[in-house]
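Letter by letter, the chains look like this.
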Amino acid sequence: MTAVAVSRGWTPWLLAGPALLLFVGIVLVPLAMTVLLSFHDWGQYKGIEPVLILKNWREIIDDSYFHEMFARTLRISVLVTLIAALLGAPEAYILNRMKNPWKGIFLLVILGPLLISVVARTLGWALLFGGETGVVNKALLELGVIEAPLPFMFTETGIVVALSHVLMPFMVLSVWAALQRLDPQVENAATALGASHFTVLRRIVLPQVMPGVLSGGIIVFALAASAFATPAIIGGRRLKVAATLAYDEFLNTLNWPLGAAVAVLLLVALIVIIVGCNRLVERRYAQVFQ
Amino acid sequence: MSFLVLEGLTKRFGDQAAVDSLDLVVEQGEFVSLLGPSGCGKTTTLQMIAGFVEPTSGSILLDGRDLLAIKPSQRGLGIVFQSYALFPHMTAAENVAFGLEMQGVPRAERSQRVSETLALVGLAALADRYPRRMSGGQQQRVALARALVIRPRILLLDEPLSNLDAKLREEMQIELRQIQRTVGTTTILVTHDQAEAMALSDRIVVMNKGRVEQIGRPHEAYEKPASAFVAGFLGKTNVLPAAVEQRNGAAVASIGDGSWPLPAEASGRVTVSVRPEKIAFIDQADCSLAGTVRTRIFQGNHWLYQIDTACGLVTVIRQNAGEMMPAEGAAVRLTWRPQDMTVSPAGQDGRI
Ligand SMILES: Nc1ncnc2c1ncn2[C@@H]1O[C@H](COP(=O)(O)OP(=O)(O)OP(=O)(O)O)[C@@H](O)[C@H]1O
Ligand SMILES: [Mg+2]
């Protein structure tokens, strides 16, 4: 009996063991090492010195360059999240109301880009708007609609537009899932009680898909804040965000400790924001959706 | 004057008719049930009245006005959906208040009418509860209150009790009937439960495959079913093959070794249906059918018999009057009055 009891006690651990080892090995340990690294010293000629000092952190806190960069990252992520919500939620709703062959076709059109690499999709934007040679800019210039090429490359607007495009499917998917849980009769019930189309949307549909919009928003925000490829291609070396800056410190400047500090700060900020939002959503909607 | 008039109402999906030229006249304050097996077009009929399904042809008049020309949101009908369709993000009181808000009823009057209606359905204590935290019966009553509070011209109920357990359903039936009597709203109930239809309604519309089989008062439809289908759907019935011949100028039906004078016109091969409680045991008579008792089940206030006869198994229900009853294996003769038979053309066995 006791043997069975003991082995029972261990079973969950044994079963979870391999995954747990993998998790500790490739996530927790490198993470801990990165955190440690952010406290090390670094010099142009001496390289990394394994000491524990606050030099990197002080630099981030004191230097307005970093403030600006983090503010830009936050601004871009918030804007991208808002745009994705404002366009993605109606998109999902319209998609959901479509009749059958079209529904499938348009779902594919919207989700298809997920199959294409982010780099390819971003380069597409660069080809359309990049300087005077971009297809759209060139056409508009030759038609005489504009005098100078539309500024797109190396601008924050460019990054926001391209990132919104890249991350839109996540919002659509999330809202779509929430819409699937809706009972279509509920809309009919509101209509029968005298509500107009618009009132049904605002008072009945929107509140019910709000959790979907918010969880989609959390995904989009997290992905936008840590996005690398799109800001790297569109923003280039002139317009840095947290992820591209960390990359630069690691691979160009070779100041690993400073890069680690930037990366850790980004991670912590993301966790705080996301957990905070999640709490808010849960508290706000617990009553209704459990 | 007739209040709601459905005339030749038809709905086709592709080439299949879900509802086929339905005619129905409902008086003000009446409680009418649409009864029929699954897929016979009950929901489709109700949805056409509500305006969520467009009829292929036919007309609907409410109080003399063409209802089809009015948008669903302007029809002023109260609907209780099969799934209740409550607004999950609103409390019971908010759910009930929604229709009044849409009508622009002032806040003070609104809250008064909401609490009155919630009290009417016995939910005054749960006004601030969200639907997810309510039992099925409570949710159903919120749905009913939400439909009633707008003082609808007609109340449409789509199998509102089908999700409830037997005991709760019975309670809700009584409550529904009481509320309907108190408020006096014209009500159309969709159900596939014949007991429910008979218990609640002033009149029953029995439907089969999109067509009306019979419209009548519950007692009438039960005692004088218009077809074998109605007889089989409303309560239990025995279906027996019979041959009709003319004897001395009168039609006589031979069933097994017995023969009965026929009340109605018929000829050739027909089927006859007889309700189990209308059959009695008899020693010897002209109008009787021979058989042996296969099973006998005691059910308190009555006995349930299965009798083997030349026409197959016949079910008989006899009141328990404290008399001696035939035992299993006994040879018996079964009899019933000619007027207790429903005659229909052969091939219609009335089973579902
Ligand atoms: N949107 C639709 N498209 C095609 N056929 C439909 C549609 N809605 C209903 N039908 C068909 O119409 C017929 C009647 O359906 P309806 O929903 O009115 O049945 P019902 O009597 O309410 O049945 P139940 O008791 O199962 O609810 C069915 O055969 C159904 O398959
Ligand atoms: Mg139905």
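Residues numbered from 1 in each chain as written. Chains lettered and ligands numbered in written order. Predicted model: local features only at pLDDT ≥ 70, side-chain atom pairs only at ≥ 80, totals over all residues. Heavy atoms only, no water.

Attention now moves to the overall build of chain B. Scanning chain B from terminus to terminus reveals 8 helices and 20 strands. Dimensions of chain B, computed from C-alpha atoms along their principal axes, come out at roughly 75 × 45 × 35 Å. For chain B, the proportion of its 352 residues judged to be buried stands at 52%. Taking contacts inside chain B between residues at least 6 apart in sequence as the whole, the part at least 24 apart equals 67%. (Helix = DSSP H or I, 4+ residues; strand = E, 2+ residues; numbered from the N terminus. Buried < 20%, exposed > 50% of the residue type's maximum accessible area, 1.4 Å probe, protein only. Contact = heavy atoms within 4.5 Å.)

The next thing to look at is the overall build of chain A. Each helix and strand counted, chain A has 12 helices and 2 strands in total. Going from N to C terminus, chain A has its helices and strands arranged as α-β-β-α-α-α-α-α-α-α-α-α-α-α. Against the compact-globule benchmark of 19 Å for 290 residues, chain A has a radius of gyration of 24 Å, which places it well outside the compact range. Scored against the burial criterion, the 290 residues of chain A give a buried share of 39%. For chain A, contacts bridging at least 24 residues in sequence account for 65% of all contacts bridging at least 6. Surface exposure of chain A reaches about 16700 Å², of which carbon and sulfur atoms provide 72%. Of the charged side chains in chain A, 20 are positive and 16 negative; the average position of the first set lies 12 Å away from that of the second. (Rg over C-alpha atoms; globule rule 2.2 N^0.38 Å. Areas by Shrake-Rupley, 256 points an atom, 1.4 Å probe, with all protein chains shown as cover. Lys, Arg positive; Asp, Glu negative; His and termini not counted. Charge placed at Lys NZ, Arg CZ, Asp CG, Glu CD.)

With that settled, the discussion passes to the site of ligand 1. Residues and elements named next belong to chain B. In the neighbourhood of ligand 1, the contacting residues comprise Phe13, Gln16, Ala18, Ser38, Gly39, Cys40, Gly41, Lys42, Thr43, Thr44 and Glu159. Between ligand 1 and Gln16 there is a distance of 3.2 Å, counted from an oxygen atom to a side-chain nitrogen or oxygen. Note that an oxygen atom of ligand 1 is positioned 2.8 Å from one of the side-chain N or O atoms of Lys42. Protein contacts shield 60% of the accessible area of ligand 1, which totals 640 Å² for the unbound molecule. Looking at the shell around ligand 1 residue by residue, the classes come out as 3 nonpolar, 6 polar and 2 charged. (Near = heavy atom within 4 Å. Polar contact = N/O pair within 3.5 Å; in protein donor to acceptor, adjacent residues only side chain to side chain. Nonpolar A, V, L, I, M, F, W, Y, C, P; charged D, E, K, R; others polar.)

Moving on, we come to the sheet that holds strand β11 (residues 238–247) of chain B. Residue and element names in this part refer to chain B. With antiparallel pairing, 5 strands are arranged side by side in an open sheet as β13-β12-β11-β14-β20. Unpaired on one side and paired on the other, β13 (258–261) and β20 (342–345) mark the two borders of the sheet. For this sheet, the mean angle separating the axes of adjacent strands, direction not counted, is 40 degrees. (Pairing = 2+ DSSP bridges. Axes fitted to C-alpha atoms, helices over the stretch in contact; angles between N-to-C directions.)

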